[in-house]
Amino acid sequence: VRPGLLPAHVSGLIDAYMHVSMFLLVGTVGGYLADRIKLKGRALQHAESALEQLRIDTNYILENMSSGVLVIDTDCRVITMNAAAEEILELRKDDVVTQHLDSAMGRRASGLAHELVESLALERPRRRQEIAVHTRAGAFRPLGISISPLTDGTQRRRGVIAVFQDLTEVHEMRERVRKADR
């Protein structure tokens, strides 16, 4: 045998050994990667499930609040409002979501629209102030309102959120107390 050359049957055995070794290595790595993908898939499903539950819980909270909640984006478009806001403002969510604030609120709630736009422009919260809106019948409806900037996780401005209550009963009670004091 010349130096550096192997007999054909030894060379064939080495080639077979290398092929089998590579086959086993590829199979092992492939199995490992398949397990990792399966684990990541389960983790993703768990995260999606947790996110969906959080969305459901948030919607449940918003819809069961007695205070009205109205959210607008940085383009002054209505993002959402809860059932209490629909009742207080006498507007339907389906009619105003995605609409520009001015067209969504109309003349009856122009004071509310003005406060939201101003808070958005100044990037400042407005706490516990009173504004007036009008009912469909034209009656005066006082609202106690707080407006807060809405930001995302990176503190980027996303819009504003208004939380408000109908103060009609409070005003009526004040008037009855005032009359009783006379």
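Just so we're clear, the structure is a prediction, and the values are computed from it rather than from any experiment.

About the cut-offs
- Residues numbered from 1 in each chain as written.
- Predicted model: local features only at pLDDT ≥ 70, side-chain atom pairs only at ≥ 80, totals over all residues.
- Heavy atoms only, no water.
- Helix = DSSP H or I, 4+ residues; strand = E, 2+ residues; numbered from the N terminus.
- Expected span 1.5 Å × (residues − 1).
- Buried < 20%, exposed > 50% of the residue type's maximum accessible area, 1.4 Å probe, protein only.
- Arc of directions from axis to C-beta.
- Contact = heavy atoms within 4.5 Å.
- Pairing = 2+ DSSP bridges.
- Core = buried A, V, L, I, M, F, W, Y, C linked by side-chain atoms within 4.5 Å.
- Axes fitted to C-alpha atoms, helices over the stretch in contact; angles between N-to-C directions.

## So, unusual backbone geometry
Phi at Cys 76 takes a positive value of approximately 65 degrees, unusual for a residue other than glycine. Mapped onto the elements, Cys 76 comes out in the loop between β1 (68-73) and β2 (78-81). Even without being glycine, Arg 128 reaches a positive phi, approximately 40 degrees.

## Things to note about helix α5 (residues 110-122)
The terminal C-alpha atoms of α5 lie 18 Å apart, and with 13 residues this matches the ideal 18 Å at 1.5 Å per residue to within 8%. Within α5, burial applies to Leu 112, Ala 113, Glu 115, Leu 116, Ser 119 and Leu 120. Viewed end-on, α5 has its buried residues packed into an arc of 165 degrees, placing them on one side of the element. At its buried positions, α5 is contacted by β1, α2 (83-89), α4 (101-105), β3 (126-134), β4 (140-151) and β5 (157-166). Positioned one or two residues after α5, Glu 123 has a phi angle of 55 degrees, which is positive.

## Concerning the environment of Ile 147
Among the structural elements, Ile 147 can be located in strand β4. A relative accessible area of 0% places Ile 147 in the buried class. Taking the C-alpha atoms as reference points, Ile 147 and His 46, separated by 101 residues in sequence, lie 35 Å from one another. Ile 147 has contacts with Glu 115, Leu 116, Ser 119, Pro 125, Arg 126, Arg 127, Val 160, Ile 161 and Ala 162, leaving out every residue within four places of it along the chain.

## Considerations on the pairing of β2
Across 3 bridges, the pairing between β1 and β2 is antiparallel. When the bridges of β2 are listed, Ile 72 appears paired with Val 78. The turn joining β1 and β2, which pair antiparallel and follow one another in sequence, is formed by 4 residues; a positive phi near 65 degrees is taken by Cys 76.

## Some details on the nonpolar core
Counting residues in each nonpolar core, the largest one holds 26 residues, and the members touching the most others are Leu 70, Leu 89, Leu 101, Met 105, Leu 112, Leu 116 and Phe 164. Taken together, the elements giving at least two residues each to this core come down to β1, β2, α2, α4, α5, β3, β4 and β5. When residues of this core are assigned to their parent elements, the largest contribution, 4 residues, is made by α5. Once residues lying within four places of it in the same chain are set aside, the contact partners of Leu 89 are Met 81, Met 105, Arg 108, Leu 112, Val 133, Leu 143 and Phe 164.

## Focus on the sheet that holds β3
Strand order in the open sheet made by the 5 strands is β2-β1-β5-β4-β3, with antiparallel pairing throughout. At either end of the open sheet lies a strand with only one pairing partner, and these are β2 and β3. Adjacent strand axes in the sheet meet at a mean angle of 25 degrees when their direction is disregarded. With 7 bridges joining them, β3 and β4 adopt antiparallel strand pairing. For Ala 132, the partnering residue across the bridge sits in β4 and is Pro 142. Here α5 sits on the sheet in contact with β1, β3, β4 and β5, set at roughly 150 degrees to β3.

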